[in-house]
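# Commentary on secondary and tertiary structure
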Amino acid sequence: VKNGEADLFTVVVDDGKSLIELAKTEGYRDFLYADIRLEHQLASGVCSACQEKTDVVPDPDFPRGSLLKMYITDQPGFISNIPSDNAKKTKALLKNFPLCPNCLTHLLIGHQFIITTSSLSSSIYENKLKAFVIPYSRIRAKRIKEWLSLYEARWAFEAVTKIERDLEEWDEQNYYITIIFGSGEQANFRFYGAIREVPLTRLSLYEREIRQLKSELANCIALEQIESFPKLDMGSLGNLIPLRTAVNRVVEIEPLFSFFKAILKGEPIPPNVIASTCLTYAKIILYEKMRGYTVKPGKSRKVGFCTGVIAYKLLDTVIRRMNADMQRIEIPELRELPGHIKEIMNTLGLVEWQRPLFLLGYVMGEIGARQIAERAEKGEFPPIIRKISFDGMNRERVVRLSVEVSEAMKNYGVTGGDALLAWSYAQLGIQENIVRLNDPVLNVFHILSGYAYATLLHIGRKKEQAEEVKSDER
């Protein structure tokens, strides 16, 4: 091996007329298959894969630490009660997972294909957690490269216009993936879970909904001016959803698994689960507890905090749209509110009792911007954010918070414009919907959404002003 390049040596035969590269002949391939099969002791039995009664390998002996692994679901332990006597041992192994040489060979080839194809072994968090994707088709897939391109685009939100022109021919309903979550270790494969038979149409629907929502959000926030807005493709969710980690592995996968199942299989995920996951994310960033978690807020914690909260609200909205749990709700009664506030509340699908909480958070964001400006400190969270309890706030604490926000408005001169209108509607809405504010975690989730939106608006305006100053200096 020189300069990072590998040399592959193969056998060449001179038949007197020309040189024949054996590696390119079918006979050589058949020889390799036969050689692989001859490495194993065979016995008469039934193959666990093809169900044919033939010669089988009693103990497949898959590569250690590989994705290929046998699981016992009806009893604890792994192929237990295997006697030491060879004859009895073979008989016992035949009751576990015997494979015929042909199926074993194809399993090993398929495994190698998956782990060496980068798009089929996607890293969710560094090398501590991977998603191994097994493609499946109800019809014979003749063009595996095109199939992979289609899948890769759906997984990572990349354009595949050439293939999308042929979608009628492809008919995505015939194509599925099974996702296995785990990580390979030296002598073991750590299995976290699996999501089986996900149609590509589900990935397509998720991509369309995310693109649509981001397009609507761009009418309210200049996304190109916001650093590191979280990617919401399937391969990037591990950076947004906090999973606890140890030295060499992910300790907890359930939060991420719940989101994947909701997106890919339509399984219900309660709104307060999404909300509590968001609050955990926010606490980690606010109190700088990133160590021990998969969260990566980017260069600015303040930006990461706000964009992450908005991203969670987008995920909440997309999942409910995909699973037909919501319809777009217009807000004609809030006529005096600025158009951008009504539009963001429409985009996020906020219902009547959620809007005053969002507006309360919006006012807190306006106060926070004034606090930061007066203290002339960059990148620091304003004192107003500390008034929020990230463990949840019941209706009495929400009312108390609204009183504290009212006092802060006077103290920092936030007494006019959009903030005053938002405050008026927030006060009225909280009074009218007080009995519906019965979930402390959801209350904080919607307050934080408003705070994050207002803060991102100010960040965008500052960048615009900085760019204008640079332009004038030129």
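Note that the structure is a prediction, hence the values are computed from the model and not measured.

Thresholds, definitions, all that
- Throughout this document, residue positions are counted from 1 along each chain, in the order its sequence is written.
- Thresholds applied to this predicted model are a pLDDT of at least 70 for local features of residues and 80 or more for the giving and counting of side-chain atom pairs; totals over whole chains, interfaces and linings are not thresholded and use all residues.
- Working from all heavy atoms in the structure, the side-chain values ignore hydrogens and water.
- The secondary structure listing takes helices from DSSP runs of H or I that are at least 4 residues long and strands from runs of E that are at least 2 residues long, numbered from the N terminus.
- The cut-offs for exposure are 20% and 50% of the maximum accessible area for each residue type, with area from a 1.4 Å probe on protein chains only; residues under the lower value are buried, those over the upper are exposed, and the others partly exposed.
- The contact rule is simple, with two residues in contact once any of their heavy atoms fall within 4.5 Å.
- Shrake-Rupley sampling with a 1.4 Å probe provides the accessible areas, and residues are treated as covered by the protein chains on show and by no other component.
- In this description, strands pair whenever DSSP reports at least two bridges between them.
- To obtain each axis, a line is fitted to C-alpha atoms, and for helices this fit is confined to the stretch in contact; angles are then taken between N-to-C directions over 0 to 180 degrees.
- Two cysteine sulfur atoms make up a disulfide if the distance between them is within 2.5 Å.
- To count toward a patch, a residue needs a relative accessible area above 30% and no salt bridge. Like charges then connect within 9 Å, nonpolar side chains (Val, Leu, Ile, Met, Phe, Trp, Tyr) within 5 Å.
- Every case where a carboxyl oxygen of Asp or Glu lies within 4 Å of a side-chain nitrogen of Lys or Arg is listed as a salt bridge.
- Buried Ala, Val, Leu, Ile, Met, Phe, Trp, Tyr and Cys residues form a nonpolar core when they are joined through side-chain atoms within 4.5 Å.
- We call two directions roughly parallel when the angle between them is under 35 degrees, roughly antiparallel when it is over 145, roughly perpendicular when it lies between 65 and 115, and oblique otherwise.
- Each residue gets one label: Ala, Val, Leu, Ile, Met, Phe, Trp, Tyr, Cys and Pro are nonpolar, Asp, Glu, Lys and Arg are charged, and the others, such as Gly, are polar.
- Multiplying 1.5 Å by the residue count of a helix minus one yields the expected span of that helix.

## Describing the overall build of the protein
Per the secondary structure count, the protein includes 15 helices and eight strands. Residues counted as buried form 46% of the 474 residues belonging to the protein. Sequence separation of at least 24 residues holds for 69% of the intrachain contacts in the protein that already meet a minimum separation of 6. Accessible surface for the protein amounts to roughly 25300 Å². Of this, 48% is attributable to carbon and sulfur atoms.

## Describing the sheet that holds strand E5 (residues 121-125)
Strand order in this open sheet of four strands is E5-E6-E7-E8, and the pairing throughout is antiparallel. Unpaired on one side and paired on the other, E5 and strand E8 (189-199) mark the two borders of the sheet. Ignoring strand direction, the axes of neighbouring strands in this sheet form an average angle of 25°. Against the sheet, helix H7 (residues 200-217) contacts strand E7 (175-184) and E8, and its axis sits at roughly 85° relative to E8. Lying on the sheet, helix H8 (residues 254-265) is in contact with E5, strand E6 (129-137), E7 and E8; it crosses E8 at an angle near 15°.

## Thoughts on the state of the cysteines
Following the criterion strictly, the structure yields zero disulfides and no others. Unpaired in this structure, Cys-47 has its nearest cysteine sulfur neighbour in Cys-50, at a distance of 3.6 Å.

## Some thoughts on a nonpolar patch on the surface
Residues Val-11, Val-13 and Ile-20 make up a contiguous nonpolar surface patch of about 200 Å² in total accessible area. Position of Val-13 among the secondary structure elements: in strand E1 (residues 12-14). Judged by relative accessible area, Val-13 falls into the partly exposed class, the value being 36%.

## Quick notes on the pairing of E6
Alignment of E5 against E6, held across four bridges, turns out to be antiparallel. Its bridge partner lying in E6, Ser-123 is registered against Lys-130. Looking at chain direction, E6 and E7 are connected through eight bridges and run antiparallel. Across the sheet, Ile-134 pairs through a bridge with Thr-178, a residue of E7.

## Some points on helix H11 (residues 339-347)
For H11, the full list of buried residues reads Ile-341, Ile-344, Met-345, Asn-346 and Thr-347. The positive-phi residue at the C-terminal boundary of H11 is Gly-349, with phi of around 65°.

## Points about the nonpolar core
Within the largest apolar cluster, 113 residues are counted, with the highest numbers of intra-cluster contacts made by Phe-181, Tyr-206, Leu-237, Phe-305 and Leu-448. Take this core: its biggest share by element is 13 residues, from helix H15 (residues 440-473). Non-local contacts of Phe-305, meaning those with residues more than four positions away in its chain, are made with Tyr-281, Ala-282, Ile-285, Leu-286, Phe-381, Ile-385, Phe-390, Leu-448 and Tyr-451. With nine residues, the next largest nonpolar core counts Val-56, Val-57, Phe-62 and Leu-68 among its residues.

## Some thoughts on unusual backbone geometry
Leaving glycine out, the prevailing phi sign among residues is negative, and the prevailing peptide bond configuration is trans. For Glu-197, which is not glycine, the phi torsion reads 50° and is therefore positive. If you trace the backbone, Glu-197 turns up in strand E8. What makes Glu-197 partly exposed here is its relative accessible area of 46%. Not every positive phi belongs to a glycine, and Glu-288 is a case in point at roughly 55°. Along the polypeptide, Glu-288 turns up in the loop between helix H9 (271-286) and helix H10 (301-322).

## Things to note about the environment of Leu-217
Inspection of the secondary structure puts Leu-217 in helix H7. Classification of Leu-217 as buried rests on a relative accessible area of 0%. Sequence separation between Leu-217 and Leu-314 is 97 residues, and the spatial gap between their C-alpha atoms is 9.2 Å.

## Topic: the packing of H7 against H11
Running from N to C, H7 and H11 point in directions that differ by 170°, and their axes come no closer than 10 Å. In terms of their interaxial angle, H7 and H11 are classed as roughly antiparallel. In contact with Leu-213, Glu-216 and Leu-217 of H7, H11 contributes Glu-343, Ile-344 and Thr-347. Of the residues that constitute the contact of H7 with H11, the class distribution is three nonpolar, one polar and two charged.

## With respect to H9
With 16 residues, H9 extends 22 Å between its outermost C-alpha atoms, agreeing within 8% with the 22 Å of an ideal straight helix rising 1.5 Å per residue. Within H9, the full set of buried residues consists of Ile-274, Ala-275, Thr-277, Cys-278, Leu-279, Tyr-281, Ala-282, Ile-284, Ile-285 and Leu-286. Looking one or two residues past H9, Glu-288 carries a phi angle of roughly 55°, positive in sign.

## Some remarks on the pattern of salt bridges
This structure, assessed with the given rule, holds ten salt bridges. The residue Glu-288 makes a salt bridge to Arg-301 at a minimum N-O spacing of 3.8 Å. Of the two residues, Glu-288 sits in the loop between H9 and H10 while Arg-301 sits in helix H10, which places them 13 residues apart along the sequence. Taking the shortest distance from any N to any O, the salt bridge between Lys-313 and Asp-316 comes out at 3.0 Å. Here Lys-313 pairs with Asp-316, and both are found in helix H10, just three residues apart, close to one helical turn. We classify Asp-316 as buried; its relative accessible area is 5%. Here the salt bridges do not stand alone but share partners, grouping Glu-209, Glu-216 and Arg-321 into one network.

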